[in-house]
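# Breakdown of the fold
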Amino acid sequence: MKLSFKNIQKSFSGLHVIDDFSRDIEQGELVALVGPSGCGKSTLLHIAAGLETPSSGSILADGQPVTGPHPERTLMFQENALYPWLTLEQNVALALEFQKVDKKTAAAGARAWLAKVNLSGFEAYYPHQVSGGMRQRAALARAFISQPKALLLDEPFGALDALTRMTLQDALRNLIRSEVQGKAPTVLLVTHDVDEALFLADRILVF
């Protein structure tokens with residue numbers, strides 16, 4: 001999926017956050033957004049996800065205006081946002097169930113994706129029973145299971161220790177390299193970690 005930002009401006013209560021931002025993110029490209037807190041990185045990600053509307057300008061996904069959230073554009077936050085009353089398998093399967101996939105098929109898909117992030121054997125565990133890194137692995141599986149055309153990652157590993165973070169960076173890169181609907185997903189990554197940006201990104205935009 002190609003994402004095109006056209007003269008994006010965004011203000012909150014008189015505070016000008018983004019000023020005339022125009023860039024194309026090509027299909028299959030991984031672009032990292034780097035910059036200090038409060039400079040508009042996450043706001044731009046939310047605009048791409050359809051959760052925020054720009055004050056002016058437009059955002060296009062494969063040439064079509066973004067008017068709201070869509071399963072083809074998956075947003076992953078720093079917090080794993082897993083439902084604590086659901087098992088890891090149920091949490092991952094839920095992404096397919098939201099798309100009207102039957103529960104049996106969704107559960108099978110969840111088990112397959114948990115295996116891809118090395119969580120086989122933990123399908124029946126609840127989020128509080130596993131480590132933060134394992135919860136984030138499950139969140140990655142949930143992000144990928146619906147085969148999005150665009151992944152929007154808002155500091156997905158920011159709360160993890162350095163070793164776990166590096167392990168998950170490898171896992172993310174391997175998942176991105178695997179084909180999704182015959183094509184690698186387009187990825188927009190917000191990070192404060194310059195090393196992470198250098199390791200993962202094809203291109204880095206500094207705010």
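### Things to note about the pattern of salt bridges
Applying the stated criterion to the full structure yields 10 salt bridges. Across the salt bridge formed by K2 and E26, the nearest N and O atoms sit 3.9 Å from each other. Of this pair, K2 sits in the segment before β1 (3–12) while E26 sits in the loop between β2 (15–25) and β3 (30–34), and the two are 24 residues apart along the sequence. K2 sits in the partly exposed class, given a relative accessible area of 30%. It is possible to trace a salt-bridge network through shared partners that takes in K2, K6, D24 and E26.

### Thoughts on the environment of A143
With respect to the secondary-structure elements, A143 resides in helix α4 (residues 132–145). For A143, a relative accessible area of 5% gives the class buried. C-alpha of A143 to C-alpha of V92: the two residues are 51 residues apart in sequence and 8.2 Å apart in space. Not counting residues up to four positions away in its chain, the partners in contact with A143 are T74, M76, P148 and L151.

### Structural notes on the side chain of E29
Mapped onto the elements, E29 comes out in the loop between β2 and β3. A polar atom in the side chain of E29 sits 3.0 Å from the backbone nitrogen of E26. Apart from residues no more than four positions distant in its own chain, E29 is found in contact with D24, P185, T186, V187, D202 and R203.

### Quick look at the sheet that holds β2
With antiparallel pairing, four strands are arranged side by side in an open sheet as β2-β1-β4-β5. The open sheet has two edge strands, β2 and β5 (64–65), and neither has a second partner. As defined by bridge partners, strand β4 (residues 56–61) adjoins β5 across two bridges and the pair is classed as antiparallel. Paired with L60 across the two strands is P65, which belongs to β5. Of the strands in this sheet, β1, β2 and β4 are in contact with helix α1 (residues 41–49), which crosses β1 at around 120°.

### Some thoughts on the pairing of β2
Inspection of the sheet shows β1 paired to β2 by seven bridges, in the antiparallel sense. Paired with K10 across the strands is I18, a residue of β2.

Analysis parameters
Residues numbered from 1 in each chain as written. Predicted model: local features only at pLDDT ≥ 70, side-chain atom pairs only at ≥ 80, totals over all residues. Heavy atoms only, no water. Salt bridge = Lys/Arg side-chain N within 4 Å of Asp/Glu carboxyl O. Helix = DSSP H or I, 4+ residues; strand = E, 2+ residues; numbered from the N terminus. Buried < 20%, exposed > 50% of the residue type's maximum accessible area, 1.4 Å probe, protein only. Contact = heavy atoms within 4.5 Å. Polar contact = N/O pair within 3.5 Å; in protein donor to acceptor, adjacent residues only side chain to side chain. Pairing = 2+ DSSP bridges. Axes fitted to C-alpha atoms, helices over the stretch in contact; angles between N-to-C directions.

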